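An overview of the molecular structure
The primary structure of each chain is shown beneath.
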Amino acid sequence: MDATQIDQVRRFNRAVTERVGALHDHYLGRDRPIGEARLLWEIGEQGQDVRWLRERLGLDSGYVSRLLRSLEGDGLVTVQPQPRDRRVRTVRLTEAGRAERALVDRRSDELAGSLLEPLNAVQRDRLVTAMAEVNRLLTAATVVLHPVAPDHPDAQYCLQSYFGELRERFASGFDPVRSLLPDAGELQPPHGLLLVARLHGEPVGCAGLKLPPGAPAEIKRMWVAPQARGLGLGRRFVAELVAQAARHGCDVLRLDTNEALTAAIGLYRSCGFEEVAAFNDEPYAHHWFEKRITGVPPG
């Protein structure tokens, strides 16, 4: 990042917040700020858990509680604990809340139309295309990577989803019992690590790194959920695992993969991995790769 990029982002933020009316307390002409209007939209017809709303919008619990108290005071929502776990609270729209949400939805359509109306057809296409790209990049920037234990629920969700996809894509199917899966201890410090990617608090990918003493490091079980593909997450996983291996003094990073995973093979090659002779007996592998990482700076 440089000063010019920072300045451009700030100018973009100022233009957007001004143009969409985010600076006003009466968003879309209603007696509530944009935060309350957005919360109404996210609650939706089926209702949502308070915890999910916090994660989805990236808001702290105190601020969400204040927004909900205001909406509850206006008779637009109800907030009730779940019978099985009173620590979990669910928000639902009242009849008045559904009417308010529908009105805000209509006015949001009108606001979107007002952004497009002054432009000619070519300009509209350019703006919508640019918005889609900005949305994709901002979503990519929202994804966070965290090391977790292999038995963590998010890790298990990702691994089971990964195995399910392999069963569908491999010509021979996939049986985890036959594969050279790392033991749980091999993906935990000091023998390795397992990263889970989360988007709005939901797991959308995983990647493991084995750090066997006296042997090259290995990338294992890298998977990205279909809804998170196209965000550059695979490349981000590889870069982080390369950096982690370098921090642990490794000078070679290896991996094996199946011929059906063409996108993954293309990713590895573009990240500087070169195909080598088989270095294990993985029954589902058709390609083996390695990358020299000597001199990769830590951090």
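See above for the structure.
The rules we used
All residue numbers refer to positions counted from 1 along the written sequence of the respective chain. At least 70 in pLDDT is required for a residue's local features to be given in this predicted model, at least 80 for side-chain atom pairs to be given and counted, and no such filter applies to totals for whole chains, interfaces and linings, which use all residues. Note that the side-chain values use all heavy atoms of the structure and ignore hydrogens as well as water. Pairing between strands requires that DSSP locate at least two bridges from one strand to the other. Helical segments are the DSSP runs of H or I of at least four residues, strand segments are the runs of E of at least two, and each set is numbered from the N terminus. In this analysis, two residues are considered to be in contact whenever any of their non-hydrogen atoms come within 4.5 Å of each other. Every angle, taken between N-to-C directions, lies between 0 and 180 degrees, and every axis is a line fitted to C-alpha atoms, over only the stretch in contact when it is a helix. The disulfide definition used here is simple: a pair of cysteine sulfur atoms within 2.5 Å.

**A short note on the sheet that holds strand β3 (residues 89–93)**
Spatially, β1-β3-β2 is the arrangement adopted by the three strands of the open sheet, whose pairing is antiparallel. A single partner strand is all that each edge strand has here, and the edge strands are β1 (48–49) and β2 (77–81). Helix α2 (residues 34–43) contacts β1, β2 and β3 of the sheet and is inclined by roughly 95° relative to β3.

**Here's the deal with the state of the cysteines**
Disulfide: a covalent bond connecting the sulfur atoms of a pair of cysteines. Enumeration over the complete set of coordinates arrives at zero disulfides. Note on C206: no disulfide assigned, nearest cysteine sulfur contributed by C158 at a separation of 4.7 Å. Here C250 is not cross-linked by a disulfide; its sulfur's nearest cysteine counterpart is in C271, at 18 Å.

**Remarks on the sheet that holds strand β5 (residues 192–199)**
Strand order in this open sheet of seven strands is β4-β5-β6-β7-β8-β10-β9, and the pairing throughout is mixed. Every interior strand has two partners, whereas the edge strands, β4 (144–147) and β9 (274–276), have only one. For this sheet, the mean inter-axis angle between neighbouring strands, taken without regard to orientation, is 30°. Examined bridge by bridge, strand β6 (residues 202–210) and strand β7 (residues 217–224) share five bridges and lie antiparallel to one another. Bridge assignment links L209 to a residue of β7, and that residue is I219. Sitting on the sheet, helix α7 (residues 153–169) touches β5, β6 and β7, and the angle it makes with β7 is about 80°.

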